[in-house]
Amino acid sequence: MDRTHSRVERDLFDAVAWFDRFFGDERVVVTERPESYLRWKNELRWDEEEHYSFRSTVRASLRLPRLKDRWHLMISSESRGDPNAILPEDPGNPALDIGSHGRVSSTELVYDIFRTPNSILDVGAGVRVRIPPDAFVRTRFQHARPVAFNTLGRFTATAYWDALDGFGETNQVDLERWLAPPTLLRWSNSFTITETSRWWTWGTELSLLHKLSPISAITFAVGASGSTHPSWVATNSRILARYRRNVWRKWLFLEGEPDIHWPRKEDGSRKPVWGATLRVEILFTGAGPNPRDDGESGP
């Protein structure tokens, strides 16, 4: 029974880690990561409101091995925020803010206070690249553990201070159910409060992730976001399907994402807005996981 339990637990963690690596999910840190990596995403989107728009995002983590492998340098930049995002990608990072309307960049030095297979506590300090630069500091704790048979729970708490926006705190809870070896059901929730807003903003998303092959996967998701002021009313809801495939080389990915969302207007009305996004991602890694384990293809 112990061996069966350990095998199921190990397979559950491996399945979650595969989807996190394949989709480049930066919300989750308690998984095996390459020593250094850089993700460069470019997307072209069309919807009924904005028509055509372009967005580019760069995310890099550079390990500093001479400093006891506990330090790494984070570099983030995006040309604009994602107004349709349900969950924050990286709370406390001013360069990945869904509310930004122009290019924002940041550099952060992060120190791992401790890291285990199930938990991590780190602290970081950095600057928002602008004239004059704005400083920010943050600390993050995440713990992952099986909460039931074939179900993994993850809790993340992030506290931060930004010279422009003041103090803030985000709590994230993820529950993941392993339905079958190639299929994962994930329920993600986020609650954020800041010094400037003084009320909670929230987001919840239920997604079904299915591995089609070692180089392709698909996601179906439904979610909503809003705030507790003036009432618990969703300001945006959406449904999407995302197909991701590794093409030609192990470092090149393509994504297609049709979606429909219902933004709440000032008068309380909602109108469905159809859209579609095409993404191209280039991935650079230093010492990464074994290709046999992460399912990447190519020479």
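Computed from a prediction, not measured in an experiment: that's the story for all the values here.

### A look at the pattern of salt bridges
For side chains of opposite charge, pairing can occur when their charged atoms come near one another. Counted under the stated rule, the structure contains 26 salt bridges. A salt bridge links E176 to R154, with the shortest nitrogen-to-oxygen separation between them at 2.3 Å. Of the two residues, E176 is situated in strand β8 (residues 166–180) and R154 in strand β7 (residues 151–162); the sequence distance between them amounts to 22 residues. Judged on exposure class, the residue E176 and its partner R154 are both buried. In this structure, a network of salt bridges that share partners links the residues R39, K41, E43, R55, E78, R242, R244, E255, E257, R279 and E281.

### Re the confidence of the model for the chain
Confidence in the prediction for the chain averages 82 pLDDT; 81% of positions are at 70 or higher. Segment residues 288–299: pLDDT under 50, and 25 contacts once partners within four positions in sequence are set aside and those in other chains are kept.

### Description of the packing of aromatic side chains
Scanning all chains against the criterion turns up one aromatic pair. Pairing W71 with Y111 gives two aromatic rings, centres 4.8 Å apart and planes at 45 degrees, and the pair type is tilted. Within this pair, whereas W71 is found in strand β3 (residues 71–78), its partner Y111 is found in strand β4 (residues 104–115), the two being separated by 40 residues in sequence. Since its relative accessible area comes to 30%, W71 is described here as partly exposed. A residue is classified by how much of its surface remains accessible, and Y111, at 27% relative accessible area, is partly exposed. The ring of F253 has R244 lying over it, and the distance from NZ or CZ to the ring centre is 4.2 Å.

### Observations regarding the environment of S77
Mapped onto the fold, S77 is located in strand β3. Accessibility expressed as a relative area gives 11% for S77, which makes it buried. Each C-alpha atom of the pair S77 and R103 lies 7.2 Å from the other, and the pair is 26 residues apart in sequence. Side chain to side chain, S77 and R103 meet in a polar contact 2.9 Å long. Side-chain polar atoms of S77 contact the side chain of S105, separated by 2.8 Å.

### As for the side chain of N236
The residue N236 is located in strand β12 (residues 233–246) in this model. Once you skip the residues sitting within four places of it in the chain, N236 turns out to touch P83, N84, I86, G223, A224, S225, H261, W262, P263 and R270.

### A word on the pairing of strand β5 (residues 119–128)
By the bridge criterion, nine bridges tie β4 to β5 in an arrangement that is antiparallel. The residue of β5 that forms the bridge with R115 is I120. With 10 bridges joining them, β5 and strand β6 (residues 134–148) adopt antiparallel strand pairing. By the bridge assignment, L121 is partnered in β6 with F141. In this structure, the hairpin formed by β5 and β6 is closed by a connection of five residues.

### As for the environment of L209
Summarising the element assignment, L209 is placed in strand β10 (residues 201–213). Remark: the alpha-carbon pair of L209 and T219, spanning 10 residues in sequence, is separated by 4.5 Å.

### Some thoughts on unusual backbone geometry
The backbone of H51 shows a phi angle near 60 degrees, a positive value even though the residue is not glycine. Judged by relative accessible area, which is 47%, H51 ranks as partly exposed.

Thresholds applied
- Residues numbered from 1 in each chain as written.
- Predicted model: local features only at pLDDT ≥ 70, side-chain atom pairs only at ≥ 80, totals over all residues.
- Heavy atoms only, no water.
- Salt bridge = Lys/Arg side-chain N within 4 Å of Asp/Glu carboxyl O.
- Helix = DSSP H or I, 4+ residues; strand = E, 2+ residues; numbered from the N terminus.
- Buried < 20%, exposed > 50% of the residue type's maximum accessible area, 1.4 Å probe, protein only.
- pLDDT = per-residue confidence, 0-100.
- Contact = heavy atoms within 4.5 Å.
- Phe/Tyr/Trp six-rings, centres within 6.5 Å; stacked < 30°, edge-to-face > 60°.
- Lys NZ or Arg CZ within 6 Å of the ring centre and 35° of its normal.
- Polar contact = N/O pair within 3.5 Å; in protein donor to acceptor, adjacent residues only side chain to side chain.
- Pairing = 2+ DSSP bridges.

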